[in-house]
Amino acid sequence: MRWVSFSMTQPDLFGEAFEREGVAILRGFALADDMALVAAIKAVAAAAPFRHMIVPGGGRMSVAMTNAGIGWVADTKGYRYDRLDPLSGEPWPDMPSVFLDLAHRAAAVAGFDFTPDGCLINRYEPGAKMGLHQDINEGDYSAPIVSVSLGLPATFQFGGLKRSDPVEKITLHHGDVVVWGGPARKAFHGVLTLRAGHHPIGGHRYNLTFRKAL
DNA sequence: AAGTTTCA
DNA sequence: CCCG
């Protein structure tokens, strides 16, 4: 099987151009569904509350997380995907249909037939950040990663396959969707410290990251 | 280790 | 003091 290579450029839409093989930036793709997405996030969080996970080494993540479907979990032992929320022992809430539909449509733009089984929901309060890392705990690297930004803007860093590779910065705004796969699937990426600001959905940023975890 | 801290 |  041959994997699909693609790239999309959004020159000067926000005074920034970005072009990288295997990465598509869909500006405003989620705008039409933003309120439904936020409502679904709140419904998931009502059953599986946001929490600050501990990483190996003992550090506490500044980003608060919960999951729908198969969940990403960190603790002192390592990183893993789990059907159960360790906080409750119960399965993570089901993936909301508005999540699944949006992720599928966004991935299709980039040439993927993508049915995620998990969505990691990140909540960034001002001061929160996400260090450079790879998404490499999934079972199927032929599936892309789909990332949805809601709320306050953030500076996203996209690097290469080695931590030391140069990093490109791009501002992600409310409603933007990023799809990466193929040669970019295991690229290092991260989010710079969120700056305080005002947004109709609140003074924070949500990020939905869809994966084929199992 | 997707963490922090410290230093040059 | 912040940044890389």
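Each residue is numbered by its place in its chain's sequence as written, counting from 1. To label them, take the chains in the order written and letter them from A, then take the ligands in the order written and number them from 1. Reporting in this predicted model follows two pLDDT cut-offs: at least 70 for local features of residues, and 80 or more for side-chain atom pairs to be given and counted; totals over whole chains, interfaces and linings ignore these cut-offs and use all residues. Values shown for side chains rest on all heavy atoms present in the structure; no hydrogens or waters enter the calculation.

A.B. asks: Can you explain the protein's contact with DNA strand B? Please cite residues and give values.
C.D. replies: Neighbouring DNA strand B are 16 residues; V55, W72, K129, G131 and R163 lie closest to it. The sugar-phosphate share of atoms of DNA strand B within 4 Å of the protein amounts to 55%. In protein, a polar contact means a hydrogen-donor-capable atom and an acceptor-capable atom, both N or O and within 3.5 Å, with residues adjacent in sequence counting only if both atoms are side-chain atoms; elsewhere, any N or O pair within 3.5 Å suffices. Between a base nitrogen of DNA strand B and a side-chain N or O atom of H133, the distance comes to 3.4 Å. Where the surface near DNA strand B is concerned, the elements lending two or more residues are strand 4 (78–82) and strand 6 (130–133). At four residues, the largest contribution of residues to the surface near DNA strand B is made by strand 6. Considered class by class, the residues forming the surface near DNA strand B number seven nonpolar, four polar and five charged. Residues are classed as near a molecule or strand on a simple rule: at least one heavy atom within 4 Å of it. Each helix corresponds to a stretch of at least 4 residues labelled H or I by DSSP, and each strand to a stretch of at least 2 residues labelled E; elements are numbered beginning at the N terminus. The nonpolar class holds Ala, Val, Leu, Ile, Met, Phe, Trp, Tyr, Cys and Pro. Asp, Glu, Lys and Arg form the charged class, and all remaining residues, Gly among them, are polar.

A.B. asks: Break down the packing of aromatic side chains for me, citing the residues and quoting the values.
C.D. replies: Working definition: an aromatic ring pair is given by the centre-to-centre distance plus the angle between the planes. Each Phe, Tyr or Trp ring, with Trp reduced to its six-membered ring, pairs with another whose centre is within 6.5 Å; inter-plane angles below 30 degrees give stacked pairs, above 60 give edge-to-face pairs, and intermediate values give tilted ones. Taken as a whole and judged by the stated rule, the model has six aromatic pairs. Measuring from centroid to centroid gives 6.0 Å for F50 and Y206, while their planes differ by 20 degrees, and the two rings are stacked. Placement of the pair is F50 in the loop between helix 1 (34–47) and strand 2 (64–69) and Y206 in strand 12 (residues 205–211), with a sequence separation of 156 residues. A ring pair is formed by F156 and F158, whose centres lie 5.8 Å apart and whose planes are at 55 degrees; its orientation type is tilted. F158 matches F156 in its accessibility class, with the two residues each being buried. Put simply, the rings of F156, F158 and W180 pair up and form one aromatic cluster. Definition used: whenever NZ (Lys) or CZ (Arg) falls within 6 Å of the ring centre and also within 35 degrees of the ring normal, the charge is taken to sit over that ring. Stacked on the ring of F50, the Lys or Arg R123 has its end atom at 4.7 Å from the ring centre. One Lys or Arg, R205, reaches over the ring of Y124 and ends 5.1 Å from the middle of that ring. The buried label applies to any residue whose accessible area, calculated with a 1.4 Å probe on protein chains only, is under 20% of its type's maximum; exposed applies above 50%, and partly exposed to all values in between.

A.B. asks: Could you give me a rundown of the nonpolar core, with the residues and numbers involved?
C.D. replies: By size, the foremost hydrophobic cluster in this structure holds 34 residues, and its most contacted members are L37, F99, V146, V148, L208 and F210. Sorting the residues of this core by element identifies strand 1 (23–26), helix 1, strand 2, helix 2 (97–109), strand 5 (118–124), strand 7 (145–151), strand 10 (177–180) and strand 12 as the ones contributing at least two each. Apart from residues lying up to four places away in sequence, L37 is in contact with A30, V98, F99, L102, V148, L150 and L208. Definition of nonpolar core: a set of buried residues of the types Ala, Val, Leu, Ile, Met, Phe, Trp, Tyr and Cys, connected through side-chain atoms within 4.5 Å. Listed in part, the 30 residues of the second largest apolar core include I70, F156, I170 and L194. The contact definition used throughout considers only heavy atoms, calling two residues in contact when any of these lie within 4.5 Å.

A.B. asks: For the sheet that holds strand 11 (residues 189–191), give the residues involved together with the corresponding values.
C.D. replies: For two strands to count as paired, DSSP must find a minimum of two bridges between them. Taking strand neighbours across the sheet as the criterion, the four strands line up as 6-11-8-9 in an open arrangement whose pairing is antiparallel. Looking along the sheet, the strands with just one partner apiece sit at the ends: strand 6 and strand 9 (168–172). Between one strand and the next, the sheet's axes are offset by a mean angle of 20 degrees, whatever the strand orientation. Strand direction decides the pairing type here: strand 8 (residues 154–158) and strand 11, joined by three bridges, are antiparallel. Note on method: axes are straight lines fitted to C-alpha atoms, helices fitted across the in-contact stretch only, with angles between N-to-C directions ranging 0 to 180 degrees.

A.B. asks: Can you tell me about the UniProt feature "binding site: Fe cation" (unreviewed entry) in chain A, naming the residues and giving the values?
C.D. replies: UniProt positions are given in the numbering used here, feature names are shortened, and annotations may be inferred rather than shown by experiment. According to UniProt, the positions carrying the feature "binding site: Fe cation" (unreviewed entry) are H133, D135 and H189. A compact arrangement is adopted by the annotated residues: their sequence extent is 57 residues, whereas the largest C-alpha distance between any two is 8.7 Å. Here D135 shows up in the loop between strand 6 and strand 7. Ignoring any residue separated from it by four or fewer positions in sequence, one finds D135 in contact with Y141, I145, R185, K186, H189, T209 and R211. A polar atom in the side chain of D135 sits 3.2 Å from the side chain of H189.

A.B. asks: Lay out helix 1 with the relevant residues and their values.
C.D. replies: Taking 1.5 Å per residue as the helical rise, helix 1 with its 14 residues ought to reach 20 Å, and the 21 Å between its terminal C-alpha atoms agrees with that figure. The set of residues buried in helix 1 consists of D34, L37, V38, A40, I41, V44 and A45. In a view along the axis of helix 1, the buried residues occupy a sector of 160 degrees, so they form one face of it. Exposed residues on helix 1 whose side chains face more than 90 degrees from its buried face are K42, A46 and A47. The inward-facing, buried residues of helix 1 abut strand 2, helix 2, strand 5, strand 7 and strand 12. Given a helix with a known number of residues, its expected span is that number minus one, times 1.5 Å. Think of the arc as the fan of directions from the helix axis to the C-beta atoms.

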